[in-house]
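Structural overview
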Amino acid sequence: MSEWEPKIVGFLCNWCSYAGADLAGTSRLEYPPNIRIIRLPCSGRVNPLFILKCLSNGADGVLISGCHIGDCHYSEGNFYARRRFAVLKKLLEYLGIDPRRFQMSWVSASEGDKWARLVTELVEEIKQAGPNKDFVRKND
Amino acid sequence: MIDQIKTKAKELLKTKKVDIVIGYKKASDRIGAIPAFIDKEGDIDKLIWDGYCVYNLSNYLKDFPGKKIGIVTKGCDAKSMTVLLQENQLKREDIFIIGIECSGIVDEKRKGGDIAYDERCKGCKPATPPIYDVLIKEEEKKQAPRLEQDPYESVRKLETKSIEEKFKFWQDEFSRCIRCYACRQICPLCYCPRCVAEQTQPAWFSKAVSVEGNFSWNVNRAMHLAGRCIDCGECERACPVGIPLRDINKKIEKDVKELFSYEAGVDTEQKPLFSSFDKNDPEDFIK
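Chains are numbered independently. Their residues run from 1 in the order of the written sequence. Chain letters and ligand numbers both follow the written order, the letters beginning at A and the numbers at 1. Totals for whole chains, interfaces and linings use every residue, but because this is a predicted model, local features are given only for residues with pLDDT of at least 70 and side-chain atom pairs only at 80 or more, for both listing and counting.

The residue after Q201(B), namely P202(B), is reached through a cis peptide bond having omega -5°. Inspection of the secondary structure assignment puts P202(B) in the loop between α6 (182-186) and α7 (211-224). Even without being a glycine, R28(A) presents a positive backbone phi close to 60°. In this structure, R28(A) sits in the loop between α1 (17-26) and β2 (35-40). Any residue with 12 or fewer other C-beta atoms within 10 Å of its own C-beta is exposed, any with 20 or more is buried, and the rest are partly exposed; the C-beta atoms used are placed from the backbone. You can call R28(A) exposed: it has 7 C-beta atoms within 10 Å. Here a strand is any run of E in DSSP of at least two residues, a helix any run of H or I of at least four, and the numbering for each starts at the N terminus.

Detail in the predicted coordinates should be disregarded across regions flagged by low pLDDT. Across chain B, pLDDT averages 87, with 92% of residues at or above 70. Of the two predicted TM-score estimates for the complex, the pTM is 0.89 and the ipTM is 0.88. The quantity known as pLDDT measures the predictor's confidence residue by residue, on a range of 0 to 100.

With that settled, the discussion passes to the domain arrangement of chain B. All names here are of chain B. Domain parsing of chain B yields domain 1 (2-142) and domain 2 (153-275). Throughout, the edges of the domains are those of an automatic or database domain assignment. Taking only C-alpha atoms into account, the centre of domain 1 sits 25 Å from that of domain 2. Taken together, the residues of the side of domain 1 that touches domain 2 break down into 6 nonpolar, 7 polar and 7 charged. Each residue gets one of three labels, nonpolar for Ala, Val, Leu, Ile, Met, Phe, Trp, Tyr, Cys and Pro, charged for Asp, Glu, Lys and Arg, and polar for the others, Gly among them.

Where helix α3 (residues 77-94) of chain A contacts helix α9 (residues 245-260) of chain B, the two axes come as close as 10 Å, and the packing angle between them is 135°. Here α3(A) lies oblique to α9(B), going by the angle between them. Taken as a pair, α3(A) and α9(B) cross one another with a handedness that is right-handed. Judged by residue contacts, R83(A), A86(A), V87(A), K90(A), L91(A) and Y94(A) of α3(A) engage K251(B), I252(B), D255(B), V256(B), L259(B) and F260(B) from α9(B). Considering only residue class, the contact of α3(A) with α9(B) consists of 8 nonpolar, no polar and 4 charged. A fitted line through C-alpha atoms represents every axis, and for helices the fit uses only the stretch in contact; the resulting angles, taken between N-to-C directions, go from 0 to 180 degrees. Roughly parallel here means an angle under 35 degrees, roughly antiparallel means over 145, roughly perpendicular means 65 to 115, and every remaining angle is called oblique. For a crossing to be left-handed, the near helix must be turned anticlockwise from the far one by less than a right angle; the clockwise case is right-handed. It is the C-beta atoms, placed from the backbone, that decide contacts: two residues are in contact if theirs lie within 7 Å.

Residue and element names in this part refer to chain A. Of all 6 residues in strand β3 (residues 61-66), 6 are buried; the element is thus mostly enclosed. Bridge count for β3 against strand β4 (residues 102-106) is 5 bridges, and the pairing is parallel. Its bridge partner being in β4, I64 is matched across the sheet by M104. With the strands pointing away from the viewer, any crossover whose connection runs clockwise from the first strand over the helix to the second is right-handed. Considered for its hand, the β-α-β crossover made up of β3, α3 and β4 is right-handed. The criterion for strand pairing is that DSSP finds at least two bridges linking the strands in question.

Moving on, we get to the nonpolar core. With 116 residues, the main nonpolar core has L91(A) and I71(B) as its most contacted residues. At 9 residues, α3(A) tops the list of elements feeding residues into this core. For I71(B), the contacting residues outside a window of four places in its chain are I22(B), L57(B), S58(B), L61(B), I95(B), I97(B) and I98(B). Each nonpolar core comprises buried Ala, Val, Leu, Ile, Met, Phe, Trp, Tyr and Cys residues, the members being joined through C-beta atoms within 7 Å.

Every contact between the two is made by 33 residues of chain B and, on the other side, 31 residues of chain A. Listed by contribution, the elements that provide at least two residues to the side of chain B that touches chain A are α4 (153-159), α5 (163-175), α7 and α9 of chain B. In the side of chain B that touches chain A, the residues fall into 22 nonpolar, 3 polar and 8 charged.

Glancing now at the environment of P151(B). Mapped onto the secondary structure, P151(B) falls in the loop between β6 (134-137) and α4. Separated by 133 residues in sequence, P151(B) and D284(B) place their C-alpha atoms 26 Å apart.

Turning next to the packing of helix α2 (residues 48-56) of chain A against α7(B). Two quantities define a packed helix pair, namely the angle between the helix axes and the distance between the axes. Look at α2(A) against α7(B): their axes get within 10 Å of each other, and the N-to-C directions meet at 165°. Viewed along their axes, α2(A) and α7(B) adopt a mutual orientation that is roughly antiparallel. For α2(A) against α7(B), the interelement crossing comes out right-handed. On the side of α2(A), the interface is formed by P48(A), L49(A), L52(A) and S56(A), while α7(B) contributes E212(B), S216(B), V219(B), N220(B) and M223(B). Partitioned by chemical class, the residues of the contact of α2(A) with α7(B) number 5 nonpolar, 3 polar and 1 charged.

Here it is as structure tokens:
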């Protein structure tokens, strides 16, 4: 492979971040195509298992993005997500999984520019972290 | 002390206050202790209490649906009952807790040798159960000297290592994992009728003994115990290959205490960690 490009999985909430990413597109903002977006009803829907599954199936990074605190469509879904992933993030780091591979952000429906910037930075960070080799499932 | 336990057990069975008393009896090797399930007054004399009573008996509470249970409980075991009550897995009126102010148990790996207090007892401060119906105190002279030790010492030591070193360390430890799920079976708080590890549609993680399968299983086990684990240490004791599981549990316990000032198993009225939130939870990791 001449140049390695990271694969990133993004779990986006339907109401804010997905619309934000959509806005980035309709505003014709340019950002790297390395992210694969999965739309979910809420960031509170994300189970820590999703992240493990992504990493073990070859994703180099995982991003969870939801509404800003106070903006959740379901009032409190992102509060629960925030607690859960604060713990998971620390745990993964403790077990030796590069913390850059798992990130979280709040992007609202009007923040298309923030989304484009965020993904650009994220891809840059994951490129520095390099390909996810340790944790990936090997078919042998 | 054991007389007090026996008298109470007898009284409970006689007055039909409970259907069964769960306690400890001598194992066939005449040193160790195994769980005893006593439903006849005649069997009460089998009950014992000594430093080898290591099992967390609250694991057996779920095996007697619809029955009233009397249970002999150490301080740490009562905490796991607190969590079960918090999560509506038990009814308080169905259990009668014979609380024991424990003075520490022995390290089971050193059976028969000198009495060596278990690692987990060294960091334990109040040995008094947070909930009990009757409290039995161990005699003054037998109280073990409790070391004023940082309970998170080994966690802190690991935290200072680099990411690569940490990965190497856990990879070595997990490489021994044979996925027997003894850690899950022994855990009083792992009570799901169907564990995610056995799900096949979708298969969340590999069932094979592999780096990523073993990592996923252990991360998942730890996450499911986040804010619930009360550090009874049964998982580590049951692990046939000696993975330091308590170091993972303690790490989460420490983080949860630092991030949300939450402690598991102290208050039955407290909402479980992940079923509650605070508006001011830290979010410095979120962009």
